[in-house]
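Given next are the chains, with one letter for each unit.
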Amino acid sequence: MEKSNTSVFDLDGRPSFGKALPLALQHVLAMLVGNIVPSIIIAGVTGLTPEEKVAMIQVGMIIAALSTFIQLVPVLGFGARLPVIMGVSFSYIPVLTAIGKAYGIQAVFGAQLIGAIVSIFVGVFIKQIRSYFPPIVAGTVVFTIGLSLYPVGINYMAGGVGAPDYGNLKYWGVALFTLLVVLVCNMFGKGMIKLAAILIGMVAGYIVSLALNMVSFENISNAGWFALPRPFYFGYKFQPTAVISMVVMYIVNSVQAVGDFSATTMGGLNREATDEELSGAIKGNGICSAIASAFGGLPTASYSQNVGIVSMTKVVSLYVFKVAVVIILIAGLIPKFGAIMTTIPYPVLGGATISVFAMITMTGMRLITQGELSTRNLTIVGLSVALGVGMTGVSESISQFPEWFKMVFGASPVVIATTLVFFLNILMPKKSLAEEQMERDKFENN
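Residues numbered from 1 in each chain as written. Predicted model: local features only at pLDDT ≥ 70, side-chain atom pairs only at ≥ 80, totals over all residues. Heavy atoms only, no water.

Enquirer: Describe in detail the overall build of the protein, supporting the description with residues and values.
Expert: A count of helices and strands for the protein gives 19 helices and two strands. Overall, the protein is about 80 × 70 × 45 Å in size when its C-alpha atoms are taken along their principal axes. The buried share of the protein, reckoned over its 446 residues, is 54%. The contacts in the protein between residues at least 6 apart in sequence include a share of 83% that link residues at least 24 apart. (Helix = DSSP H or I, 4+ residues; strand = E, 2+ residues; numbered from the N terminus. Buried < 20%, exposed > 50% of the residue type's maximum accessible area, 1.4 Å probe, protein only. Contact = heavy atoms within 4.5 Å.)

Enquirer: Which residues make up the packing of aromatic side chains, and what are the values?
Expert: Applying the stated criterion across every chain yields a total of eight aromatic pairs. Taken together through their ring pairs, the aromatic side chains of Phe109, Tyr233 and Phe234 make up a single cluster. We note lysine 283 situated over the ring of phenylalanine 78; from NZ or CZ to the ring centre the distance is 5.7 Å. (Phe/Tyr/Trp six-rings, centres within 6.5 Å; stacked < 30°, edge-to-face > 60°. Lys NZ or Arg CZ within 6 Å of the ring centre and 35° of its normal.)

Enquirer: I'd like to hear about unusual backbone geometry, residue by residue, with values.
Expert: The backbone of leucine 76 sits at a positive phi, close to 55°, despite the residue not being glycine. Given a relative accessible area of 79%, leucine 76 falls into the exposed group. Unusually for a residue other than glycine, arginine 81 sits at a positive phi of about 55°. Mapped onto the elements, arginine 81 comes out in the loop between helix 2 (50-72) and strand 1 (86-88). By relative accessible area, arginine 81 is classed as partly exposed at 35%.

Enquirer: Please give an account of the packing of helix 6 (residues 135-157) against helix 15 (residues 346-368) that cites residues and values.
Expert: Two numbers describe how helix 6 lies on helix 15: the axes approach to 7 Å, and their chain directions differ by 165°. In terms of orientation, helix 6 lies roughly antiparallel with respect to helix 15. Considering the relative orientation of helix 6 and helix 15, their crossing is left-handed. The residue makeup of the contact of helix 6 with helix 15, split by class, is 23 nonpolar, nine polar and no charged. (Axes fitted to C-alpha atoms, helices over the stretch in contact; angles between N-to-C directions. Parallel < 35°, antiparallel > 145°, perpendicular 65-115°, else oblique. Left-handed = near helix turned anticlockwise from the far one by under 90°. Nonpolar A, V, L, I, M, F, W, Y, C, P; charged D, E, K, R; others polar.)

Enquirer: Explain the environment of isoleucine 136 residue by residue, including any values.
Expert: Note that isoleucine 136 resides in helix 6. Considered as a pair, isoleucine 136 and glycine 364 are 228 residues apart in the sequence and their alpha carbons are 8.8 Å apart. When neighbours within four sequence positions are excluded, isoleucine 136 is seen to be in contact with Ile368, Asn377, Ile380, Val381, Val421 and Asn425.

Enquirer: Account for helix 4 (residues 105-124), naming residues and giving values.
Expert: With 20 residues, helix 4 extends 29 Å between its outermost C-alpha atoms, agreeing within 8% with the 28 Å of an ideal straight helix rising 1.5 Å per residue. A large share of helix 4 lies buried, amounting to 14 of its 20 residues. (Expected span 1.5 Å × (residues − 1).)

Enquirer: Go over helix 13 (residues 318-332), please, and point to the residues and values.
Expert: In a regular helix each residue adds 1.5 Å, so 15 residues correspond to 21 Å; helix 13 covers 21 Å between its end C-alpha atoms and thus fits that length. Turning to helix 13, its buried residues are Leu318, Tyr319, Val320, Phe321, Val323, Ala324, Val325, Ile328, Ala331 and Gly332.

Enquirer: Which residues make up the environment of glycine 205, and what values do they have?
Expert: Structurally, glycine 205 is set in helix 9 (residues 197-211). Given the relative accessible area of 0%, glycine 205 is considered buried. Measuring from C-alpha to C-alpha, the distance between glycine 205 and leucine 179 comes to 8.6 Å, with 26 residues separating the pair along the chain. Once residues within four sequence positions are removed from consideration, glycine 205 is found in contact with Val174, Phe177, Thr178 and Val348.

Enquirer: Run through the pattern of salt bridges, naming residues and quoting values.
Expert: On inspection of all chains with the given rule, the structure shows three salt bridges. Aspartate 12 is the salt-bridge partner of arginine 81, the closest N and O atoms lying 2.3 Å from each other. Here arginine 81, found in the loop between helix 2 and strand 1, pairs with aspartate 12, found in the segment before helix 1 (17-45); they are 69 residues apart in sequence, far enough to count as distant. One salt bridge in this structure joins aspartate 275 and lysine 127, with 3.7 Å as the shortest N-O distance. With aspartate 275 in helix 11 (residues 275-295) and lysine 127 in helix 5 (residues 126-129), the pair connects residues that are 148 residues apart, well separated along the chain. Judged by relative accessible area, which is 59%, lysine 127 ranks as exposed. (Salt bridge = Lys/Arg side-chain N within 4 Å of Asp/Glu carboxyl O.)

Enquirer: Summarise the side chain of threonine 300; cite the residues concerned and give the values.
Expert: In this structure, threonine 300 sits in strand 2 (residues 300-302). A distance of 2.6 Å separates a polar atom in the side chain of threonine 300 from a polar atom in the side chain of asparagine 285. Of the polar contacts made by the side chain of threonine 300, one reaches the side chain of serine 289; its length is 3.2 Å. Aside from chain neighbours lying at most four places away, what touches threonine 300 is Ile63, Ser67, Gly87, Val88, Ser89, Tyr92, Asn285 and Ser289. (Polar contact = N/O pair within 3.5 Å; in protein donor to acceptor, adjacent residues only side chain to side chain.)

Enquirer: Give a description of the packing of helix 9 against helix 15 that names residues and reports values.
Expert: It is the contact of helix 9 with helix 15, at a shortest axis distance of 8 Å, that shows an interaxial angle of 160°. One way to sum up the angle between helix 9 and helix 15 is to call them roughly antiparallel. The hand of the helix 9/helix 15 crossing is right-handed. Contacts between helix 9 and helix 15 involve Ile198, Met202, Gly205, Tyr206 and Ser209 from the former and Val348, Leu349, Ala352 and Val356 from the latter. Classifying every residue of the contact of helix 9 with helix 15 by side-chain character gives seven nonpolar, two polar and no charged.

Enquirer: Describe in detail the environment of valine 421, supporting the description with residues and values.
Expert: Along the chain, valine 421 turns up in helix 18 (residues 413-427). Owing to a relative accessible area of 0%, valine 421 belongs among the buried residues under this scheme. Spatially, the C-alpha atom of valine 421 lies 16 Å from that of glycine 410, the residues being eleven residues apart in sequence.

Listed below in structure tokens is the structure:
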């Protein structure tokens, strides 16, 4: 009789539930904040009611469970059968914020639906288009996403836009205390403390906020104990400019997913991801984001922090990740969980997430520096970021442009930077550092 495979270091390993549970909780703790905060941010920007905000958080958890499950157990070619955790992504926040402010929440989900469908086609043809998105392109996009999120974090640290006493030292005190706890846990902690640094920081900041009477529990009593998501909760509205912006973001983030899934296979399985796995991963994420739009959930993506856990622990058992899926799903089916999350004060969110935004920026920089820092590459990156951040930061500079241009390119620096870096990388002649040095030497010798 063959001995059953109980190894946590094998995709098909099935360890005991007692061994799998803490490993699964580790992944849930790592993704929890990242999955919740984008919903809170977009709900605030679009002026949703407390009940609608709870519903968006709830659906975000359910969709995270669904999209992760599809990656673990592929269906009809959708999914990669790799140990990853999926959930609502920070990367889309700049564009979603712009769309939400201009057209409302229905336009967000309309644009998301079309963008998700486009990403499925990207998954089908990823092998053919992958070469157009080298690290310099993907890195510039990620770098700009990080930069564009800083105002969100700072506004939250100051109390949230619209707060009557915005900028109060009390808010800054709570935010900086939260950030300090995150940094201490991340830099000096080990094991679970290090992995859950952001969550621990938020709990510490929340306790201080309670002492300062900054927390309201009014919405918790109104939330039920169990509820299923409702289809077409918010509905759809299709604005062409909003759709174009989201399509650009989905294409870029689909290609960016190649990095996360490749890092997962390299870190956990010591091999490159296959084209079939990458294609299935992107298609799986696309179909789940489309489903999410129907129920009021935001776009999903793979979580880099969970990829890091896989690379560090080498735990790749799909059973462990299925246990994590069950935990995430249970949290999503309990509205009171979502209601509790809405009581987190903005300064606590800002203090906890500003470090996340900083890491996104530095991840982009790390991608950029994977290639040579030749004059050509520095010019491409510098111009793309400068024009992207500069034009959107000084909104009056494009006030005379057509409305469609201002919506597509002026709402978020990410779209401008993405468009520029993509085309500049194709159009500008390829030159290595050695070739540039040869040109200088030739000029001097003449």
